[in-house]
Amino acid sequence: KNGLDKFPEPDPHPILGHVSLVTSTREVIDVSMQLIKNYGKTVKLRIGPTFFSIRTALLTVDYHLIEFILSGNKILKKTENYQFWKHWLGQGLVISDGDYWKKHRKILTPAFHFEILKEFVPVFESVGDVLIENLAKCEGTPSCDLDPFVTLCTLDIICETAMGTKMNLQSGKNSDYVRSVKETCRIAVERVLSPLRFFDSTFWLCRDFYRQKKELKVLHDFTHNVINSKKNNKSIDKNIKRPAFLDLLLKFSEDENILSTEEIREEVDTFMFAGHDTTASGICFTLYCLADHPEVQKQVLQEQQDLFGEEKNPVITYSELQNMKYLEYVIKESCRLYPPVAKIGRYTTEDTEFDGCLIPRYTNIMLFIYGLHRDPDYFPEPEKFKPERFENFDPSIPYAYIPFSAGSRNCIGQRFAMLEMKSIISKIVRHYEIKPTSPRHEVELSFEGVLKSANGIKVVLKKRP
Ligand code: HEM
């Protein structure tokens, strides 16, 4: 028996199925929350005509189903919409599957060893110093949108750590590269929302197809040039002071000849993609929460002062970032309420039994992290911002809190991300008091692959004496 029949579904449109439930990125979060509220923890949806029913999807916040998927090694393939990123990322780690993914995951894992991450802390710090200077432009204004400032900062960080290239994007340099990253992301995100763009067979009829081609040339040429110049300069390995991810991949493949140049390009571009908007979202929403909770902000500042006294520009090391325990709870709580990756998708390639019922092959399963994180069964008073929840998080429910996913396909960059977010947020808190705007700015959540605010993330910044 098809186990999906037991899940409730809203009335489908005969041709579009449930696709028409969402027509813009701004509706994704609200509509998904409404579906969960009205139909239960797992909702069945159809993508396309009901009489074919070939594309069936489950939207779920069910702890047990999520645990089943993430803890096992059977459902590792991503849903179709990840393919919209393939033009940029090829078979990079986020998209690939099967033995290819397994092999690459094994090769890339040592690049995220803490001994290597330690070396990146000075990059977070120096790039963060430029952010502090840039934010001075906002000081004294009634409203500062943090998003554009922070996004350039995290892009600068990932360019330097992934490719070993200082781009100085925060100082207005290389704006072509920034535009190409933003446009490529926008086009991939918008393809989900329109049937004409959704299918490769009709996408070429759209203007964005040609735009995408142009922007991808900028991105690919850039990464290729960096790789080629490193190869030609033979700067790989040989006493390089702080190897970037790219240097490590070149070294691995030089030593054992395991990755081709194109495979390296795809993995480096994948880090560029997966490692900038996500951390920017995490940083911005945490600062937004701090603006709303002065008592929490006071404790974050107190922790900084306990560690560094009144020094606003201490030399920060890996172990000092590790010691910022309270700040870690704050970031975790913010990523609970505003998970930067609010939804992830898996696709079954074979019939699978879960809880006594059959989930047929070719089912898309959308794990709605945002909704799971607001489930009162696991987080009492879920709408409240309470960092102390994480002081003693119940270890018996590890799959209730999964901003970095979990299991074998979890985020390979999660420790990197936490260090980066701590470095940047602590720096901002040492320099600025963050206050809500008046009237208070209400974010309009938008699911653009990464969780964003469509109307910006606006706060007031006041320089600390
Ligand atoms: C706050 C920041 C971040 C968050 C919330 C986050 C979250 C996630 C999540 C939820 C996944 C699973 C995606 C899925 O199953 O479809 C993932 C995968 C991944 N992330 Fe992150 N991420 C962050 C930062 C980073 C950074 C900084 C990097 C790289 C430097 C990175 C690289 C990756 C890669 C390569 C994957 C794919 C892993 C695989 O499938 O084996 N992420 N991330």
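Residues numbered from 1 in each chain as written. Predicted model: local features only at pLDDT ≥ 70, side-chain atom pairs only at ≥ 80, totals over all residues. Heavy atoms only, no water.

Caption draft 1: Layout of the overall build of the chain. Within the chain, the regular secondary structure consists of 18 helices and 11 strands. With the principal axes as the frame, the chain shows a C-alpha extent of 65 × 55 × 45 Å. Burial statistics for the chain: of 465 residues in total, 54% are counted as buried. Excluding contacts between residues fewer than 6 apart, the proportion of contacts in the chain whose partners are at least 24 apart in sequence is 73%. Of the roughly 20,600 Å² of accessible surface on the chain, a fraction of 53% belongs to carbon and sulfur atoms. Between the mean site of the 62 positive side-chain charges and the mean site of the 63 negative ones, the chain shows a separation of 3 Å. (Helix = DSSP H or I, 4+ residues; strand = E, 2+ residues; numbered from the N terminus. Buried < 20%, exposed > 50% of the residue type's maximum accessible area, 1.4 Å probe, protein only. Contact = heavy atoms within 4.5 Å. Areas by Shrake-Rupley, 256 points an atom, 1.4 Å probe, with all protein chains shown as cover. Lys, Arg positive; Asp, Glu negative; His and termini not counted. Charge placed at Lys NZ, Arg CZ, Asp CG, Glu CD.)

Caption draft 2: Expanded view of the packing of aromatic side chains. If you walk through the whole model with that rule in mind, you get 26 aromatic pairs. Plain terms: the ring middles of phenylalanine 124 and phenylalanine 416 are 5.2 Å apart, the flat faces sit at 90° to each other, and that makes the pair edge-to-face. A residue pair is termed long-range when its members are at least 10 positions apart, and phenylalanine 124 in helix α5 (residues 114-135) and phenylalanine 416 in helix α18 (residues 414-431) qualify at 292 residues. For phenylalanine 124, a relative accessible area of 0% corresponds to the buried category. For phenylalanine 416, a relative accessible area of 5% corresponds to the buried category. (Phe/Tyr/Trp six-rings, centres within 6.5 Å; stacked < 30°, edge-to-face > 60°.)

Caption draft 3: The site of the ligand, seen in detail. Taken together, 27 residues are adjacent to the ligand, and Tyr82, Trp101, Arg105, Arg409 and Cys411 come closest. Contact between the ligand and tyrosine 82: an oxygen atom at 2.5 Å from a side-chain N or O atom of the residue. Going through the elements one at a time, α4 (98-108), α13 (277-292), β4 (344-347) and α18 are the ones with two or more residues in the shell around the ligand. Considering every element that reaches the shell around the ligand, the biggest residue donor is α18, with 3 residues. Residues that form the shell around the ligand fall into these classes: 17 nonpolar, 6 polar and 4 charged. (Near = heavy atom within 4 Å. Polar contact = N/O pair within 3.5 Å; in protein donor to acceptor, adjacent residues only side chain to side chain. Nonpolar A, V, L, I, M, F, W, Y, C, P; charged D, E, K, R; others polar.)

Caption draft 4: How the structure looks around the pairing of β4. On β4, burial covers both faces: Ile344 and Arg346 on one face and Gly345 and Tyr347 on the other are all buried. Here β4 pairs with strand β7 (residues 363-367) via 4 bridges, running antiparallel. Looking at the pairing, isoleucine 344 lines up with leucine 367 of β7. (Pairing = 2+ DSSP bridges.)

Caption draft 5: Just the side chain of arginine 346, in detail. Looking at where arginine 346 falls in the secondary structure, it is placed in strand β4. An unpaired buried charge is present at arginine 346: no salt bridge exists, and aspartate 97, the closest side chain of opposite charge, is 10.0 Å distant. Within the local environment of arginine 346, its side chain forms a polar contact with the backbone oxygen of isoleucine 75, the two atoms lying 3.1 Å apart. The residues contacting arginine 346, other than those within four sequence positions of it, are Ile69, Leu70, Ile75, Leu76, Lys77, Lys78, Thr79, Thr363, Asn364, Ile365, Ser405 and Arg409. (Salt bridge = Lys/Arg side-chain N within 4 Å of Asp/Glu carboxyl O.)

Caption draft 6: Quick peek at empty space enclosed by the protein. Inspection of every chain in the model, using the stated rule, returns 2 cavities of 30 Å³ or more. Quantified by volume, the largest cavity comes out at close to 40 Å³. Surrounding the largest cavity, Asp147, Asp277, Ala280, Ser281, Cys284, Phe285, Leu451, Lys452, Ser453 and Ile457 form its lining. For the lining of the largest cavity, the secondary-structure elements that each account for two or more residues are α13 and β10 (450-453). Looking at the lining of the largest cavity element by element, the count peaks at 5 residues for α13. Across the lining of the largest cavity, the residue classes tally to 5 nonpolar, 2 polar and 3 charged. The calculated volume of the second largest cavity comes to roughly 30 Å³. Tyr288, Ala291, Asp292, Pro436, Thr437, Arg440, His441, Lys458 and Val459 are the residues that line the second largest cavity. Taken together, the elements giving at least two residues each to the lining of the second largest cavity come down to α13 and β11 (458-463). For the lining of the second largest cavity, the leading source of residues is α13, giving 3 residues. Looking at the lining of the second largest cavity residue by residue, the classes come out as 4 nonpolar, 2 polar and 3 charged. (1 Å grid on protein atoms, 1.4 Å probe; cavity = no way out; pocket = protein on both sides within 12 Å on 5 of 7 lines; lining within 4 Å. Points joined across faces, edges and corners; volume = space filled by probe spheres on them.)

Caption draft 7: Focus on the nonpolar core. Ranked by size, the top nonpolar core spans 143 residues in total, and within it Trp88 and Leu146 carry the most contacts. Counting residues per element, this core draws most heavily on α5, at 10 residues. What tryptophan 88 contacts, discounting residues up to four positions off in sequence, is Val181, Thr184, Cys185, Leu216, Leu219, His220, Arg265, Asp269, Met272 and Phe273. (Core = buried A, V, L, I, M, F, W, Y, C linked by side-chain atoms within 4.5 Å.)

Caption draft 8: Local environment of the sheet that holds strand β8 (residues 432-435). Across the sheet, 3 strands lie side by side as β3-β11-β8; this open sheet has antiparallel pairing. This sheet does not close on itself; its edge strands, each paired only once, are β3 (144-145) and β8. Sheet topology places β8 next to β11; 4 bridges connect them, and they run antiparallel. By the bridge assignment for β11, isoleucine 434 is matched with leucine 461.

Caption draft 9: Structural view of the packing of helix α6 (residues 146-163) against α13. Axis separation between α6 and α13 bottoms out at 9 Å; the angle between their running directions is 140°. Here α6 is positioned oblique relative to α13, judged by the angle of their axes. Every pair of crossing elements has a handedness; the one defined by α6 and α13 is right-handed. Taking contact as the criterion, the partners of Leu146, Asp147, Val150, Thr151 and Thr154 in α6 are, on α13, Asp277, Thr279, Ala280, Ile283, Cys284 and Leu287. Taken together, the residues that form the contact of α6 with α13 break down as 6 nonpolar, 3 polar and 2 charged. (Axes fitted to C-alpha atoms, helices over the stretch in contact; angles between N-to-C directions. Parallel < 35°, antiparallel > 145°, perpendicular 65-115°, else oblique. Left-handed = near helix turned anticlockwise from the far one by under 90°.)

Caption draft 10: Representation of helix α12 (residues 261-274) within the structure. Over its 14 residues, α12 extends 20 Å from the first C-alpha to the last, a length consistent with the 20 Å expected when each residue adds 1.5 Å. By the criterion of burial, α12 is predominantly enclosed, with 11 of the 14 residues buried. (Expected span 1.5 Å × (residues − 1).)

Caption draft 11: Structural view of the coordination of the iron atom of the ligand. The protein supplies the iron atom of the ligand with one donor atom, Cys411 (SG), which lies at 2.3 Å. Here cysteine 411 shows up in the loop between α17 (369-372) and α18. (Donors = N, O, S within 2.8 Å, 3.2 Å for Na, K, Ca; no water.)

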